[in-house]
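Observations on chain architecture
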Amino acid sequence: LNIHDLAHIYSQIFCHFNPHLVITELLHNNGLFFIVICTAFIILLFLKEANEEFALMNKIKGFKIIYKPVFYIILLVSLFLLGNFNAEQFIYFQF
């Protein structure tokens, strides 16, 4: 990789950007499930930032009673849905 190749890559990224081709390539390589999970995490990060900026969760009545347990249940279910339980490798950390 030299400077000319790098300049060509950057020109393709910034000058000839086509969002339709990016979405098509992601769907072809990774599938729809990957796109849905990435979109969900982007929305989650957006909501987290909006909550930190405007304290939206403090304005919602019943947040601690209803929404907080629902969030934890969804988090637990997503761990089971996205987890790879058939893996034969196990990474062990010792402190």
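Residues numbered from 1 in each chain as written. Predicted model: local features only at pLDDT ≥ 70, side-chain atom pairs only at ≥ 80, totals over all residues. Heavy atoms only, no water.

**Remarks on a nonpolar patch on the surface**
- Among the surface-exposed residues, F33, F41, L44, F71, Y72, I73, L75, V77, L81 and L82 lie close enough to one another that they form a single nonpolar patch of about 1,000 Å² accessible area.
- Residue contributions to the nonpolar patch peak at 7 residues, all from helix α5 (residues 63–82).
- When you line up the elements, L82 lands in helix α5. (Patch = residues over 30% accessible without salt bridge, like charges linked within 9 Å, V, L, I, M, F, W, Y side chains within 5 Å. Areas by Shrake-Rupley, 256 points an atom, 1.4 Å probe, with all protein chains shown as cover. Salt bridge = Lys/Arg side-chain N within 4 Å of Asp/Glu carboxyl O. Helix = DSSP H or I, 4+ residues; strand = E, 2+ residues; numbered from the N terminus.)

**Re the layout of surface pockets**
- For the largest pocket, the calculated volume is near 790 Å³.
- Lining the largest pocket are 23 residues, with L44, L47, F71, I74 and L75 positioned closest to its centre.
- Contributing elements (two or more residues each) for the lining of the largest pocket: α3 (32–54) and α5.
- Among the elements that make up the lining of the largest pocket, the one with the highest residue count is α5 (12 residues).
- Grouping the amino acids of the lining of the largest pocket by side-chain chemistry returns 19 nonpolar, 2 polar and 2 charged. (1 Å grid on protein atoms, 1.4 Å probe; cavity = no way out; pocket = protein on both sides within 12 Å on 5 of 7 lines; lining within 4 Å. Points joined across faces, edges and corners; volume = space filled by probe spheres on them. Nonpolar A, V, L, I, M, F, W, Y, C, P; charged D, E, K, R; others polar.)

**As for the packing of helix α2 (residues 19–30) against α3**
- Packing of α2 against α3 brings their axes to within 7 Å, and their N-to-C directions diverge by 120°. Between α2 and α3, the angle falls in the class oblique. Residue-level inspection shows L26, L27 and N30 of α2 in contact with α3, the latter providing L32, F34 and I35.
- For the contact of α2 with α3, the residue count by class is 5 nonpolar, 1 polar and no charged. (Axes fitted to C-alpha atoms, helices over the stretch in contact; angles between N-to-C directions. Parallel < 35°, antiparallel > 145°, perpendicular 65-115°, else oblique. Contact = heavy atoms within 4.5 Å.)

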